[in-house]
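Report on the structure
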Amino acid sequence: LVRGPLLMDGYWNHPDLNAEVLRDGWLHTGDIGVLDDDGYLQITDRKKDIIVNSAGETLSPQRIESVLALEPEIESAMVHGDRRPHVVAIIVPAGEFAAHWARQNGSPADLAVLADNADFTATIRKAVERANRHLSAAEKVKRFVIADEPFTIENAMITPTLKLRRHEILRRWGPKIDGLYVDAQASGAAPPR
């Protein structure tokens with residue numbers, strides 16, 4: 001919540017939005033943050049992005065995505081799991097890593113080709129498993145798909161400020177994400193760790 005003399009009076013000609021975000025003189029930003037020991041605010045997430053899994057646990061997708069992106073094989077990721085039994089992800093492999101792996105394995109460096117390559121997927125799985133060691137049980141990525149193209153401003157998957165456009169990513173890869181849950185249920189087996 002933000003309040004002060006420099007706060008906006010509201011959105012121009014949008015009383016519905018004003019009623020949603022401006023209440024009792026406070027702007028409800030939708031940001032989630034923490035105050036550090038010196039009293040500085042660090043924005044850590046967006047309220048609308050928070051995942052509440054089917055067990056009712058609240059998870060920060062940005063935290064999980066950041067841990068995944070620390071692995072050298074992974075450029076970026078988007079996790080999903082709202083009202084679902086576990087977290088799944090769309091993984092964008094790091095470009096240099098993908099090109100190097102493709103050269104070493106006699107494969108085209110095209111992500112569309114690599115996304116369907118079982119050996120490449122196994123290599124990315126090892127990176128996800130390493131990242132999972134730094135996550136709680138509820139945060140661990142159980143299954144994933146490899147994106148066949150990176151998240152870019154040009155394909156509308158990220159904003160000009162490099163934030164994930166989750167709704168666009170879900171629109172593009174939604175069926176594959178849903179398949180990660182269906183495949184696990186249909187096989188009767190636990191999803192891969």
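Coordinates for the structure precede this section.
Quick summary incoming for the structure in this document. (Residues numbered from 1 in each chain as written. Predicted model: local features only at pLDDT ≥ 70, side-chain atom pairs only at ≥ 80, totals over all residues. Heavy atoms only, no water.)

1. Topic: the nonpolar core
Note the following rule: What is meant by a nonpolar core is a set of buried Ala, Val, Leu, Ile, Met, Phe, Trp, Tyr and Cys residues, joined one to another through side-chain atoms within 4.5 Å. Partly exposed describes any residue whose relative accessible area lies between the buried limit of under 20% and the exposed limit of over 50%, with all areas from a 1.4 Å probe on protein chains only and scaled to the type maximum. Labels follow the DSSP assignment, with helices taken as runs of H or I lasting at least four residues and strands as runs of E lasting at least two, numbered in each case from the N terminus. Contacts between residues were defined by any pair of non-hydrogen atoms, one from each residue, lying within 4.5 Å.
Counting residues in hydrophobic clusters, the biggest one holds 28 residues, and the most contacted among them are Leu68, Ile91 and Val141. Elements represented by at least two residues in this core include exactly helix H2 (61-69), strand E7 (74-80), strand E8 (87-93), helix H3 (95-104), helix H4 (111-114), helix H5 (118-132) and strand E9 (141-146). In terms of residues, this core owes the most to one element, H5, which gives 5 residues. In this structure Val141 touches Ile64, Leu68, Val79, Val87, Val88, Ala89, Val128 and Asn132, once residues within four positions along its chain are discounted. Formed by 14 residues, the second largest nonpolar core is a distinct cluster that contains Val145, Ala147, Trp173 and Leu180.

2. Remarks on H5
To be explicit about the condition: Expected helix span is taken as 1.5 Å per residue step, with the number of steps being one fewer than the number of residues. In this description, the arc belongs to the directions extending from the helix axis to the C-beta atoms. Here a polar contact is recorded for every N or O atom pair within 3.5 Å, except that within protein the pair must consist of a potential hydrogen donor and a potential acceptor, and residues adjacent in sequence are included only if both atoms are side-chain atoms.
Under the 1.5 Å per step criterion, the end-to-end length of H5 is 20 Å for 15 residues, consistent within 8% with the ideal 21 Å. Buried within H5 we find Phe120, Thr121, Ile124, Ala127, Val128, Ala131 and Asn132. All buried residues of H5 fall inside an arc of 145° around its axis, so they share one side. Turned more than 90 degrees from where H5 packs its buried face, Ala118, Asp119 and Lys126 sit exposed. Those residues of H5 that are buried are in contact with H2, E7, E8, H3, H4 and E9. The backbone nitrogen of Asp119 has a side-chain oxygen 2.8 Å away, supplied by the residue at the start of H5, namely Asn117.

3. A word on the packing of aromatic side chains
Heads up, the condition is: Centres within 6.5 Å are what make two rings of Phe, Tyr or Trp a pair, Trp counting through its six-membered ring; a difference in plane orientation under 30 degrees is then read as stacked, over 60 as edge-to-face, and the rest as tilted. A ring is scored as having a charge over it whenever the NZ atom of a lysine or the CZ atom of an arginine sits within 6 Å of its centre and within 35 degrees of its normal.
Summed over the entire model, instances satisfying the criterion amount to 3 aromatic pairs. Its guanidinium or amino end placed over the ring of Trp173, Arg172 lies 4.4 Å from that ring's centre, counting from NZ or CZ.

4. Remarks on the sheet that holds E9
Note the following rule: At least two DSSP bridges between two strands are required for those strands to pair. Between N-to-C directions, angles span 0 to 180 degrees; the directions come from axes that are lines fitted to C-alpha atoms, helices contributing only their stretch in contact.
Strand order across the open sheet formed by 3 strands is E7-E8-E9, with mixed pairing between neighbours. Bordering the open sheet on either side are E7 and E9, each of which pairs with just one other strand. For this sheet, the mean inter-axis angle between neighbouring strands, taken without regard to orientation, is 30°. Bridge count for E7 against E8 is 6 bridges, and the pairing is antiparallel. Residue pairing in the sheet places Val79 in a bridge with Ala89 of E8. On the sheet, H2 packs against E7, E8 and E9 and is oriented at approximately 150° with respect to E7.

5. Focus: the pairing of E8
Across the 7 residues of E8, 7 count as buried, placing the element largely inside the fold. Alternating positions in E8 separate into two faces, Val87, Ala89, Ile91 and Pro93 on one and Val88, Ile90 and Val92 on the other, with burial throughout. Where E7 hands over to E8, the hairpin turn is made up of 6 residues, of which Arg83 adopts a positive phi near 60°.

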